[in-house]
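# Summary of structural features
For reference, the chains in residue letters:
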Amino acid sequence: MSTATDTSAPTPGDTAPDHGLREGAFGNATALACRECGHQVALGPYYACPECFGPLEVHYAFPAVTREEIAAGPRNIWRYKALLPVPDDIEQSPNTEPGFTRLLRADNLAAQLGLTRLWVKDDSTNPTNSFKDRVVACALSAAIELKAQVFACPSTGNLANAVAAAGARAGIKTVVFIPADLEKPKQVNSAVYTDRLVAVNGNYDDVNRLASEIAGEEEGWAFVNVNVRPFYAEGSKTLGYEIAEQLGWRLPDQVVIPVASGSQLTKVDKAFKELVQLGLVEDKPYKIFGAQATGCSPVSAAYKQGHDVVRPVKPDTIAKSLAIGNPADGPYVLDICRASGGAVEDVSDDEVREGILLLARTEGIFTETAGGTTTAVLKKLVETGQLDTSLETVIINTGMGLKTLDAISDRVGPAATIDPSYAAFTGSGVL
Amino acid sequence: MAVSVRIPTILRTYTAGESEVGADGTTLAEVLDDLERHHGGIRARVLDDEGGLRRFVNVYVGNDDVRFLDGLQTPTPDGTQISIIPAVAGG
């Protein structure tokens, strides 16, 4: 794999740099195309359009795919491999086999908020307890096919966990970069898999900048969310595929999705559109809502101000996994939420904490701050009349609460501390 | 040269493969003008048709994103390190 020496990305059909690609390395993918200007480049370690710097996205020539073929696949994201930029033999290479997480009907939370029908897509049960295992699995496949020697990422925490674990399983050297003030559990959850956890003095956007510079200089590095980002991002489509399949091959009416870079939201939308295009679900309208924490809400602010451009901010929120002040896919989140009739909303850190408790105490799901944000935004969307309570709604829980214990550790604890006697218990007032 | 500019991979066709080049100018706009004089075509890749920074380009003067400073009018004192970086990374 060559990155630093490629001075421009070749167009499809040009003589591409020799990455030693085997036939079918990227499955049914045909090219990378700029989402801004449409310029196409060959499949390879490219992420920014050489014409306008716009994001490159994977294009495909999909074969006919049936529900039965998908249902006969493994109970992980590779059941959708025909729709991902991965080879047909992807199950044969060591990976964390993420996905096909549970879709829980959330009747208690629905009743509390006055919703007719609500589901929680619970991605906290992935191998490293966040949705990041999905995208990393696709990035790992690209890294292996491109013969990368180093598997790396800048991360707000969950991604670092997923990259470090997947790299260990695949036997590839991993280097993960995080902001130095990241929650301790997320640091441990990465360092346990790799000796190369690098804490950077700065916020996520500083770490991201460093990673972009390293990716431009070092040979043979696959930064999952930098130079192989087009392949990585496609992994989030599997959230959309699974939601539709688990609903009985139909699309929900409304979806609430947390927004950090905004990539996940755009890919769930892409997944729904692909399912319609392939005839796997009936075409119907759906609304997509984005959720941010007020302390890092550049997309929500742009939405509320009616802007098409997202002005970067300096993050200041407990929702560190959403703390991306300069979100790469922010403009597309605005487009999708507006076009679908949805919205982008934000909530305070206190509301995030309340959201964590609300989901835990109504549905028995312990989410991290990102899920607290999503739950709290759901509540706010209902209270402000932005979300139609009569329609079927899905919220996405992207991560596990054990990773962000600090956020609520001073809000919950023993109801009483008593002596070991029945009298002490009955007198404690717990019941 | 007054300032040093780090060039991203996809713009190195304009700098003969150089990853870092020198330039003169007391503001970012003047630096970009000087870059254009020596590496014709590069400015149009960084700026849009209205002359503003393209949506998916981040430019740093020192450690700071110029969108948090004065944009193209951000001062560039002698010795400043400027970095042009694609904005579509991360997440």
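Residue numbers here run from 1 along each chain, matching the order of that chain's written sequence. Both sets of labels track the order of writing: A upward for chains, 1 upward for ligands. Per-residue local features are limited, in this predicted model, to residues with pLDDT of at least 70; the limit for side-chain atom pairs, both in listing and counting, is 80 or more; totals at the level of whole chains, interfaces and linings are taken over all residues. By convention in this description, side-chain values take in all heavy atoms of the structure and omit both hydrogens and water.

## Considerations on the nonpolar core
Counting 77 residues, the largest nonpolar core has A:F26, A:L32, A:F151, A:V163, A:V224, A:F231 and A:L265 as its most contacted members. Ranked by residue count, the leading element in this core is helix α3 (residues 132-145) of chain A, at six residues. Domain ranges listed in this record stem from an automatic or a database domain assignment. Domain assignment of the residues forming this core places at least three in each of domain 1 (103-127 + 236-407) and domain 2 (130-232) of chain A. Of all hydrophobic cores here, the second largest spans 42 residues; its members include A:V150, A:F177, B:V21 and B:V66. What is meant by a nonpolar core is a set of buried Ala, Val, Leu, Ile, Met, Phe, Trp, Tyr and Cys residues, joined one to another through side-chain atoms within 4.5 Å. Relative accessible area decides the class of each residue, using a 1.4 Å probe on protein chains only: under 20% of the type maximum gives buried, over 50% gives exposed, and in between gives partly exposed. Secondary structure elements follow DSSP: runs of H or I no shorter than four residues count as helices, runs of E no shorter than two count as strands, and numbering proceeds from the N terminus.

## Describing the domain arrangement of chain A
All names here are of chain A. In terms of domain boundaries, chain A breaks down into domain 1 (103-127 + 236-407) and domain 2 (130-232). Using only C-alpha atoms to locate each centre, domain 1 and domain 2 end up separated by 24 Å. With 29 residues of domain 1 at the contact, the number on the domain 2 side is 19 residues. Here the buried area means the combined drop in accessible surface, using a 1.4 Å probe, for two parts upon being joined, counting both sides. For the pair domain 1 and domain 2, the two sides together bury roughly 1900 Å², of which 45% comes from carbon and sulfur. For domain 1, the biggest contributors to the area lost against domain 2 are S236, K320 and K403; these three give 33% of the whole. By definition here, a salt bridge exists when the distance from a side-chain nitrogen of Lys or Arg to a carboxyl oxygen of Asp or Glu is within 4 Å. Linking domain 1 with domain 2 are five salt bridges, by the criterion used here. A salt bridge links D181 to K320, with the nearest nitrogen and oxygen atoms 3.9 Å apart. Here a polar contact means two N or O atoms within 3.5 Å. Within protein one must be a hydrogen donor candidate and the other an acceptor candidate, and residues neighboring in sequence count only if both atoms are side-chain atoms. In this assembly, domain 1 and domain 2 are joined by twelve residue pairs in polar contact (both at pLDDT 80 or more). Should any heavy atoms of two residues lie within 4.5 Å, those residues are considered in contact.

## A word on the interface of chain A and chain B
Facing 40 residues of chain A, the contacting portion of chain B comprises 31 residues. The junction of chain A with chain B conceals about 3000 Å² of combined surface from both sides, 53% of it contributed by carbon and sulfur atoms. Inspection of the region where chain A meets chain B yields five salt bridges. B:R55 is the partner of A:E36 in a salt bridge, and the nearest nitrogen-oxygen pair spans 2.6 Å. For the interface between chain A and chain B, the tally reads 18 residue pairs in polar contact (both at pLDDT 80 or more). For the side of chain A that touches chain B, the elements supplying multiple residues, two or more each, are α6 (204-217), α7 (229-234) and α11 (330-340) of chain A. Among the elements that take part in the side of chain A that touches chain B, α6(A) stands out by supplying eight residues, more than any other. All amino acids are sorted into three groups, where Ala, Val, Leu, Ile, Met, Phe, Trp, Tyr, Cys and Pro are nonpolar, Asp, Glu, Lys and Arg are charged, and the leftover types, Gly among them, are polar. Of the residues belonging to the side of chain A that touches chain B, the class tally is 18 nonpolar, ten polar and twelve charged.

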